[in-house]
Amino acid sequence: MGYSSELGNELLRENIAHMLSQYRGIPVQADEILITRGSQMALYLTALSLIQPGDVVLIENPGYAPAWQVLRQAGAQLIPIPVDDEGIQIEAVESVCRRTSVKALLTTPQHQFPTTVTLKADRRMALLELSHQYGFTIIEDDYDHEFHYGTKVPLPLASFAHGGPILYISSLSKLIAPAVRIGFVTGPPAFIQAAATLRSIIDRQGDNVLEQAVAELMQAGEIQKHARRALNVYRQRHAQTHQFLQQYLADAVTYRVPEGGLAYWIRFNQSRNIPELTKQLQQQGVSVIDTDAFSYEGAGLNALRIGFASLTSPEMEQVLQVLQKTL
Ligand SMILES: Cc1ncc(COP(=O)(O)O)c(C=O)c1O
């Protein structure tokens, strides 16, 4: 109940360290973890600790716009790198590195946001090699790691780093709930200490009571049990969504069945006005985000991100029927 470490609740850090070593191949100690209020805060502290105004940072395009805001706030000069069906394009990364000095690259390799593509193994290795060769830091945002439906769950880039320049960010927003504001960043001790000092300027420490409660649930194995149950539910919803997309929208859209994540990225075969479509869906009670916000240039992506995790099978069927009718 008193003042405690700005790194966050110790029991929670120990449990997260155990989770990272046991399930994600990242052997870290509790004092190499900084607990934050969600991964957004982790991104903010990372960006402000790492980046000097004018530094070049590569980002995925399309990508996670709230992270771009943070990087801009730190004074970064952003260069968008295209994403295709195998993830971020490595040749494009290398081509920028040959021309200019790159400070960092922000990536969501597990389930790329918003396309949900899982970065292919050869590209993962190539990205790590480029980071060594050109000396840039990889900021890895692994926001929904647990939810992968294949038999083989890829390990984070950070698991191959062996103390290399990777800052690994993750969150309990998808594993537990977005309202439980717990995220974290792990990296070299000096970086973690700098980020923690910055954090303490605005927030002396995290929500220690919440953090202790979550730590005790982790310690008792309850969060792991919940993750397994949730994975089973999401696996069914993932399969059902594919079935309904085939049933109602097969002629209208093209998509890849994602290996993991909590959404389908569907591209329209005909050109559509996405902001207008989004508005029309919202008027009918279907909550979707205007995907053009994920495009770096604001160019139309002609796609929607259909989140399936929170919808039961009848709800998803209804949603896709509404989309079919609206098209
Ligand atoms: C790419 C990405 N990163 C991180 C997050 C989680 O953010 P937070 O932990 O701040 O809730 C999300 C949530 O939607 C996301 O899509």
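The structure we're discussing is the one just above.
Numbers given for residues are sequential positions, taken from 1 along each chain in its written order. It should be noted that, the model being predicted, local features are given only for residues of pLDDT at least 70 and side-chain atom pairs only at 80 or more, the latter also being counted only at that level, while totals for whole chains, interfaces and linings use all residues. Neither water nor hydrogens contribute to the side-chain values; these are computed over all heavy atoms in the structure.

**Section: the site of the ligand**
Our working rule: For each residue, the test is whether any non-hydrogen atom lies within 4 Å of the molecule or strand; if one does, the residue is near. The definition of a polar contact used here is a pair of N or O atoms within 3.5 Å, where within protein one atom must be able to donate a hydrogen and the other to accept one, and adjacent residues in sequence count solely through side-chain atom pairs. Every accessible area reported is derived by Shrake-Rupley at a probe size of 1.4 Å, with residue values counting cover from the shown protein chains alone. In this description a helix means any DSSP run of H or I spanning at least four residues, a strand means any run of E spanning at least two, and both kinds are numbered starting from the N terminus. In this classification, the charged set is Asp, Glu, Lys and Arg, the nonpolar set is Ala, Val, Leu, Ile, Met, Phe, Trp, Tyr, Cys and Pro, and all remaining amino acids, among them Gly, are polar.
Gly38, Ser39, Gln40, Tyr64, Phe113, Asp141, Tyr143, Ser171, Ser173, Lys174 and Arg181 make up every residue found near the ligand. Within the side chain of Lys174, a nitrogen or oxygen atom sits 2.8 Å from an oxygen atom of the ligand. When the free accessible area of the ligand is taken as 400 Å², the share hidden by the protein chains comes to 89%. A total of 3 residues in the shell around the ligand trace back to one element, the largest contributor, which is helix α2 (residues 38-50). The class makeup of the residues in the shell around the ligand is 3 nonpolar, 5 polar and 3 charged.

**Brief notes about the pattern of salt bridges**
Side chains bearing opposite charge may pair, as long as their charged atoms lie close to each other. The condition that has to hold: Any Lys or Arg side-chain nitrogen found within 4 Å of a carboxyl oxygen on Asp or Glu counts as a salt bridge. The cut-offs for exposure are 20% and 50% of the maximum accessible area for each residue type, with area from a 1.4 Å probe on protein chains only; residues under the lower value are buried, those over the upper are exposed, and the others partly exposed.
What the rule picks out here adds up to 9 salt bridges. Its salt-bridge partner being Glu259, residue Lys120 comes within 3.3 Å of it at the nearest N-O pair. Of the two residues, Lys120 is situated in the loop between β5 (104-107) and α5 (121-134) and Glu259 in the loop between β9 (253-255) and β10 (263-268); the sequence distance between them amounts to 139 residues. Its salt-bridge partner being Glu276, residue Lys279 comes within 3.7 Å of it at the nearest N-O pair. With Lys279 and Glu276 both in helix α9 (residues 274-283) and 3 residues apart, the pair spans about one turn of that helix. Accessibility expressed as a relative area gives 33% for Glu276, which makes it partly exposed.

**Quick notes on the nonpolar core**
Just so we agree on the cut-off: Only buried Ala, Val, Leu, Ile, Met, Phe, Trp, Tyr and Cys residues count toward a nonpolar core, and they belong to the same one when joined by side-chain atoms within 4.5 Å. An automatic or database domain assignment supplies the start and end points of every domain. Two residues qualify as a contact provided that any one of their heavy atoms is within 4.5 Å of a heavy atom in the partner residue.
Residues Val93, Ile266 and Leu320 are the most contacted members of the largest nonpolar core, which totals 72 residues. The dominant element in this core, judged by the number of residues it contributes, is helix α8 (residues 222-249), at 9 residues. Counting only domains with at least three residues in this core, you end up with domain 1 (10-220) and domain 2 (224-326). Setting aside chain neighbours within four positions, we find Val93 in contact with Leu58, Ile81, Ile88, Leu105, Leu127, Leu130 and Phe136. Core analysis: the second largest hydrophobic core is formed by 28 residues, Ile51, Val57, Leu78 and Ile192 among them.

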